[in-house]
Amino acid sequence: MPDIFLQFSFADSINQFVSWLVREYGDLFHQLTAVLLSTLLVPLERALLALPPLLVLLIVAGLCYHGTRRKSVTALMVGGLYLIGCLGLWDKLMQTLALMVVATLLTMLIGVPLGIMMSRSQRLRWLLVPVLDVMQTLPTFVYLIPVLMLFGLGKVPAIFATIIYALPPLVRLTDLGIRQVDGDLLEAARSFGTTRWQLLFGVQLPLARPSIMAGINQSIMMALAMVVIASMIGSRGLGEDVLAGINNMDMGKGMQAGLAIVILAIVIDRISQAYGQDGRLKRTVRQKRKAGVSA
Amino acid sequence: MSKIEVRHVYKVFGRESQPVMALLQQQCSKAEVLARTGVNVGLIDVSLNIEAGEIFVIMGLSGSGKSTLVRHFNRLIEPSSGQILVDGEDILRYDEAQLLALRRNKISMVFQGFGLLPHQTVLENAAYALLTKGVARNDALDQARQWLDRVGLAAYEDKYPDELSGGMRQRVGLARALAADTDIILMDEAFSALDPLIRSEMQEQLLALQSGLHKTIVFITHDLDEALRIGNRIAILRDGQLVQLGTPSDILTRPADDYVQRFVEKRAVQPLAG
């Protein structure tokens, strides 16, 4: 049978590139790992573990009530976390939380400025959109291996893998939010002699806030979806138990840890969404609700 | 010296302006250029002088280029050719910093769509120009408060724009422009989005304010009644060209062509508002 396919493979060149990267820059990456661990991740994890659980529950309750102003939601969220503690998963919950916080912070630090730059430059947009598409669709394990080779096993490669996975929605939604700002408003602002920076911080970012917050919320949700994979490369936390459950055919254990991840996701989702909402909108809704009760 | 001088300004939209400019110099009209090249022309050889302290109305139907023209005065739109002088200075030669200074200190603007920031209070919106200039926050808010008081919105300073009616929003827009303390105020169809009663109220208010302030006001409208009522002089634009410039009585008694004539006749049929 005549073969219409030209035969070639770029696997070797990729392999060569990765080993070159590891050989030349391996030390640098390991230093980066050490710095990230010692300055951010380990202190945060220690602090979270050292806090009395009751205090953590109170903090969550405070955040949740401050954001949503609803007692029922707050009670549900705190009850959910309490349940995780009852299942004996509190320490692992804190480890996962520390990982999430660091990954989300780094994602925001990279994603929001990138989204802003993208909204300003059509060329950068053409360049970034396909890259973001690839980041979102490339199976995680494909880039997990080179990340592992560069950073070694543990929490740091888990964080980097999480950033790669969670970054695209934030960049996209930041870009979208800024582009959607009403052109008439920008013109009005410019007519009063607004500089580019004043326009960005005074008009564009505040008006894009709901969109950016939705992006952060999406990033957190995607980061949580990476928890189990993160455990496969040696980061501690709730994912560990899921993995152990799968390995030992211990469905119950896996299910419990899975439930804990879902509860954590719901709690973070509700709180971050509450802060994403327009404060004034919330106030009017609250006033309406009060008026409804009194009427 | 006139406050604003416009000399032979052409505006061609899009990048390929050279061949189109050649056509325009051969006296081709906006429609002919559009048919032959597919390029939209905004302004064709517009020259006029606006004197200090007058209310100068630029009138025309939609598409006549009036909003395009007024945006040349603070360079929100750049002309394809021509000169624009403000206080005798060619503003087209201004660099970025000079342009910012022009917009901050010399020319402010009121928009048809109000252009208020939805996330800021009425007071903060009124103080926008001052805050942008870098005036200390308390001073800026104090001055803005005084202007809000003068346009009759003292009680609304803590509200947000979406809690106000259209007329009130435009008063905020006016207060913002007045607070900027500029010699020149551009008003782009500022009252066109308001209903007739509110509109004539706003016209009265503008005239009352102007009698004390003596600003140079460039007022854009498509409504001859409005033009006649508030304008010291009126320029009429059609398809990007200036067809007549004169006092309200010039326009009424000696319309320059059929286009202006039709405006005047249409008005005569209607019951007079004021």
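Scroll up a little and you will see the structure.
Residues numbered from 1 in each chain as written. Chains lettered and ligands numbered in written order. Predicted model: local features only at pLDDT ≥ 70, side-chain atom pairs only at ≥ 80, totals over all residues. Heavy atoms only, no water.

The next subject is the overall build of chain A. Secondary structure summary: chain A contains 13 helices and zero strands in total. The order of helices and strands in chain A, counted from the N terminus, is α-α-α-α-α-α-α-α-α-α-α-α-α. Within chain A, the fraction of its 295 residues that count as buried is 44%. Taking the intrachain contacts of chain A between residues at least 6 apart in sequence as the baseline, contacts between residues at least 24 apart amount to 77%. By element, 68% of the accessible surface of chain A is carried by carbon and sulfur atoms, the whole surface being about 16300 Å². In chain A, 25 positive and 16 negative side-chain charges are present, and the distance between their average locations comes to 14 Å. (Helix = DSSP H or I, 4+ residues; strand = E, 2+ residues; numbered from the N terminus. Buried < 20%, exposed > 50% of the residue type's maximum accessible area, 1.4 Å probe, protein only. Contact = heavy atoms within 4.5 Å. Areas by Shrake-Rupley, 256 points an atom, 1.4 Å probe, with all protein chains shown as cover. Lys, Arg positive; Asp, Glu negative; His and termini not counted. Charge placed at Lys NZ, Arg CZ, Asp CG, Glu CD.)

Looking now at the overall build of chain B. A tally of regular secondary structure across chain B gives 12 helices and 10 strands. The globule rule puts the C-alpha radius of gyration for 274 residues at 19 Å, and the 19 Å found for chain B is close to it. Its C-alpha atoms give chain B principal-axis dimensions of about 55 × 50 × 35 Å. Out of the 274 residues in chain B, the part that is buried amounts to 54%. Relative to all contacts within chain B whose residues are 6 or more apart in sequence, the contacts with residues 24 or more apart total 68%. Carbon together with sulfur atoms contributes 47% to the accessible area of chain B, which is approximately 12000 Å² in total. (Rg over C-alpha atoms; globule rule 2.2 N^0.38 Å.)

Residues and elements named next belong to chain B. The sheet built from four strands is open, its strands ordered 2-1-4-5 with antiparallel pairing. Looking at strand neighbours, the two that pair on one side only are strand 2 (41-50) and strand 5 (89-90), the edges of this open sheet. Across six bridges, the pairing between strand 1 (residues 4-12) and strand 2 is antiparallel. Pairing of E5 across the sheet is with N49, part of strand 2. (Pairing = 2+ DSSP bridges.)

Right, let's talk about a nonpolar patch on the surface for a bit. All names here are of chain A. The grouping of L54, L55, L58, I59 and L63 at the surface amounts to a nonpolar patch, some 470 Å² of accessible area in total. Along the chain, the position of L58 falls in helix 2 (residues 53-68). Judged by relative accessible area, L58 falls into the exposed class, the value being 54%. (Patch = residues over 30% accessible without salt bridge, like charges linked within 9 Å, V, L, I, M, F, W, Y side chains within 5 Å. Salt bridge = Lys/Arg side-chain N within 4 Å of Asp/Glu carboxyl O.)

Let us now look at unusual backbone geometry. Residues and elements named next belong to chain B. In this structure, R75 takes a positive phi of about 55° despite not being glycine. In this fold, R75 is placed in the loop between helix 3 (66-72) and strand 4 (81-86). When its relative accessible area of 12% is taken as the criterion, R75 is described as buried. One non-glycine residue, D239, adopts positive backbone phi at about 50°. Following the sequence through the fold, D239 ends up in the loop between strand 9 (233-238) and strand 10 (241-246).

Under the counting rule described, the total for this entry stands at eight aromatic pairs over all chains. Measuring from ring centre to ring centre gives 5.8 Å for W20(A) and Y25(A), while their planes differ by 80°; the resulting arrangement is edge-to-face. Between Y259(B) and F263(B), the ring centres sit 5.3 Å apart and the planes meet at 85°, which makes this aromatic pair edge-to-face. Residue Y259(B) and its partner F263(B) are both found in helix 12 (residues 258-269); the two are separated by four residues, about one turn of the helix. Across this residue pair, the class does not change: Y259(B) and F263(B) are buried. Through successive ring pairs, a cluster of aromatic residues spans F17(A), W20(A) and Y25(A). (Phe/Tyr/Trp six-rings, centres within 6.5 Å; stacked < 30°, edge-to-face > 60°.)

Bringing the packing of helix 1 (residues 11-50) of chain A against helix 6 (residues 140-151) of chain A into the picture now. Residues and elements named next belong to chain A. Close contact between helix 1 and helix 6 brings their axes to 7 Å; oriented N to C, the two are set at 60°. Relative to helix 6, the element helix 1 lies oblique. The segment helix 1 lies against helix 6, with V18, L21, V22, G26, F29, H30, L32 and T33 engaging P146, M149, L150 and F151. (Axes fitted to C-alpha atoms, helices over the stretch in contact; angles between N-to-C directions. Parallel < 35°, antiparallel > 145°, perpendicular 65-115°, else oblique.)

This part is about the pattern of salt bridges. One side chain can pair with another of opposite charge once the charged atoms of both are near each other. For the structure on display, the rule yields 25 salt bridges over all chains. Across the pair D269(A) and R270(A) runs a salt bridge whose closest N-O atoms are separated by 3.7 Å. Three or more residues joined by partner-sharing salt bridges are found here, namely K3(B), D87(B), K106(B) and D183(B).

The next thing to look at is the sheet that holds strand 8 (residues 216-221) of chain B. Residues and elements named next belong to chain B. Taken in spatial order, the six strands of this open sheet run 6-7-8-3-9-10, and their pairing is mixed. Each of the sheet's edge strands pairs with one partner strand only, and the pair in question is strand 6 (107-110) and strand 10. Across the sheet, the mean angle from the axis of one strand to that of its neighbour is 20°, orientation sign disregarded. Here strand 9 pairs with strand 10 via five bridges, running antiparallel. Bridge pairing links A235 to L245 in strand 10. Each of strand 6 and strand 7 (184-188) touches helix 8 (residues 166-179); the most contacted strand, strand 6, lies at about 180° to it. Lying over the sheet, helix 9 (residues 196-213) contacts strand 3 (55-59), strand 7 and strand 8, oriented at roughly 165° with respect to strand 8.

One can find R104(B) in helix 4 (residues 96-105). This buried residue, R104(B), is left without a salt bridge; E96(B) holds the nearest opposite charge, at 9.6 Å. Reaching out from R104(B), the side chain makes a polar contact with the side chain of Q198(A) at a distance of 3.1 Å. Setting aside its immediate chain neighbours within four residues, R104(B) contacts F192(A), G193(A), T195(A), Q198(A), T132(B), K133(B), A180(B) and T182(B). (Polar contact = N/O pair within 3.5 Å; in protein donor to acceptor, adjacent residues only side chain to side chain.)

All names here are of chain A. Interhelical geometry of helix 2 versus helix 12 (residues 251-276) gives an angle of 40° and a closest axis separation of 8 Å. Taken together, helix 2 and helix 12 sit at an angle that is classed as oblique. Crossing angle aside, the handedness with which helix 2 passes helix 12 is left-handed. Residues V60, L63, C64, H66, G67 and T68 of helix 2 lie in contact with helix 12, whose contacting residues are V267, R270, I271, A274 and Y275. Its residues placed into classes, the contact of helix 2 with helix 12 shows seven nonpolar, three polar and one charged. (Left-handed = near helix turned anticlockwise from the far one by under 90°. Nonpolar A, V, L, I, M, F, W, Y, C, P; charged D, E, K, R; others polar.)

This paragraph deals with the pairing of strand 4 of chain B. Residues and elements named next belong to chain B. As paired strands, strand 1 and strand 4 are joined by five bridges and run antiparallel to one another. If you follow Y10 over to strand 4, its bridge partner there is S81. The pairing of strand 4 with strand 5 spans two bridges and is antiparallel. In the strand pairing of strand 5, L85 is matched with D90. Connecting the antiparallel pair strand 4 and strand 5 is a turn made up of two residues, with D87 showing a positive phi of about 50°.

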